[in-house]
Amino acid sequence: MSATILLRSTRARRSDATSSFIQYGLIIVTLMLVLSIVKPAFSGNLGAGRLTAALAAFTKAEESSEAPEALAVEAADASPVAEPASETLRPSLKRALDYVSRRYRVAPEALVPIFEAAQSVGRESRLDPLLIIAIIGIESRFNPFAESPVGAKGLMQVMPDIHLDKVPEGAGDQPFLDPVTNIRVGVHVLEEAIRWRGSLTGGLQHYGGSPTDPETGYANKVFAEKQRIEQAARRGNGPRA
């Protein structure tokens, strides 16, 4: 009789374990489906980090026959990958954005990531972000999908065939049409040009494709646009045309 009871008890535990395993397996499959749906709303690293932590905990529990409750606690305690903080524009750039929005007739919401990238990359390269903004205004009028007759693309009109080596890893299939990547690559190109030519004016002339122009027309055009943006930023207003 005791052997029969023990056998039934063992079978019951196995049945409970199998049921729990199947139930949590369904939870993991559901989690994967949910992550695949909501992934665009989160950082790729964030979703991947949570999924990896959950799957790792699930595997560990399977090997050690842990209960689903213990597994859920371990997965919840796993630290997700932190989402990158958004760049906060300084007040002068916010006023400049307002001016540029009116001048170029571009929605402010579309300009925010452009100005954030200009501020961040400008700080890294020690270039005035308003200089970067002025170049973008001259080159593409803030159209991230602009393309020149010779194939230059994006906000800063970068030549993909020449500057593909400057694209950071993980930039996607169309990096030159991505505003942040385009700005980063464009500033890198400008930095190289400044080093080659020995001055900001010479670097701008090289960037604009006219390094031998004695009148430095392109550089003067960029400087004039930068000055207009600076003045509008100081006043806090600007033209609507």
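Here's what I pulled together on the structure shown here. Just so we're clear, the structure is a prediction, and the values are computed from it rather than from any experiment. (Residues numbered from 1 in each chain as written. Predicted model: local features only at pLDDT ≥ 70, side-chain atom pairs only at ≥ 80, totals over all residues. Heavy atoms only, no water.)

Notes on the overall build of the protein chain
When its secondary structure is counted, the protein chain shows ten helices and zero strands. Traced from its N-terminal end to its C-terminal end, the protein chain shows the element sequence α-α-α-α-α-α-α-α-α-α. With 241 residues in all, the protein chain has 36% of them scored as buried. Of the accessible surface of the protein chain, which amounts to about 14400 Å², a share of 56% is contributed by carbon and sulfur atoms. (Helix = DSSP H or I, 4+ residues; strand = E, 2+ residues; numbered from the N terminus. Buried < 20%, exposed > 50% of the residue type's maximum accessible area, 1.4 Å probe, protein only. Areas by Shrake-Rupley, 256 points an atom, 1.4 Å probe, with all protein chains shown as cover.)

Examining the pattern of salt bridges
Where charged atoms from two side chains of opposite charge come close, those side chains can pair. Considering all chains together, one arrives at six salt bridges under this definition. Here D128 ties to K226 by a salt bridge, and the two come within 3.3 Å at their closest N and O atoms. One end of the pair, D128, is in the loop between helix 5 (108-125) and helix 6 (129-140); the other, K226, is in helix 10 (residues 217-235), and 98 residues separate them in sequence. A relative accessible area of 29% means that D128 is categorised as partly exposed. Residue classification places K226 among the buried positions, given a relative accessible area of 15%. (Salt bridge = Lys/Arg side-chain N within 4 Å of Asp/Glu carboxyl O.)

What about the nonpolar core?
Counting residues in each nonpolar core, the largest one holds 42 residues, and the members touching the most others are V100, F115, I135, F142, M156 and I183. Elements represented by at least two residues in this core include exactly helix 4 (91-104), helix 5, helix 6, helix 8 (179-197), helix 9 (200-207) and helix 10. By residue number, the principal contributor to this core is helix 6, which donates seven residues. Not counting chain neighbours up to four residues away, the residues in contact with F115 comprise L89, L93, A96, L97, V100, I133 and F142. (Core = buried A, V, L, I, M, F, W, Y, C linked by side-chain atoms within 4.5 Å. Contact = heavy atoms within 4.5 Å.)

Some thoughts on helix 8
For helix 8, built from 19 residues, the straight-helix expectation of 27 Å at 1.5 Å per residue is met to within 8% by its first-to-last C-alpha distance of 27 Å. Where helix 8 is buried, its residues contact helix 5, helix 6, helix 7 (160-163) and helix 9. A positive backbone phi angle near 85 degrees is found at G198, which sits one or two residues after helix 8. (Expected span 1.5 Å × (residues − 1).)

A closer look at the side chain of Q119
Of note, Q119 is situated in helix 5. From its side chain, Q119 meets the backbone nitrogen of R90 in a polar contact 3.1 Å long. (Polar contact = N/O pair within 3.5 Å; in protein donor to acceptor, adjacent residues only side chain to side chain.)

Points about the environment of L97
Positionally, L97 belongs in helix 4. Looking at L97, the relative accessible area reads 8%, which means it is buried. C-alpha of L97 to C-alpha of L111: the two residues are 14 residues apart in sequence and 6.9 Å apart in space. Once you skip the residues sitting within four places of it in the chain, L97 turns out to touch L89, P108, L111, V112 and F115.

Description of the packing of aromatic side chains
Taken as a whole, this structure holds one aromatic pair when the rule is applied. Here Y104 and F142 contribute two aromatic rings whose centre-to-centre distance is 5.0 Å and whose plane-to-plane angle is 65 degrees, an arrangement assigned as edge-to-face. Taken together, the positions of Y104 in helix 4 and F142 in the loop between helix 6 and helix 7 put the pair 38 residues apart, joining distant regions of the chain. Summarising the burial analysis for this pair, Y104 and F142 share the class buried. (Phe/Tyr/Trp six-rings, centres within 6.5 Å; stacked < 30°, edge-to-face > 60°.)

Interpretation note: all reported values are geometric properties and have no functional meaning in isolation.
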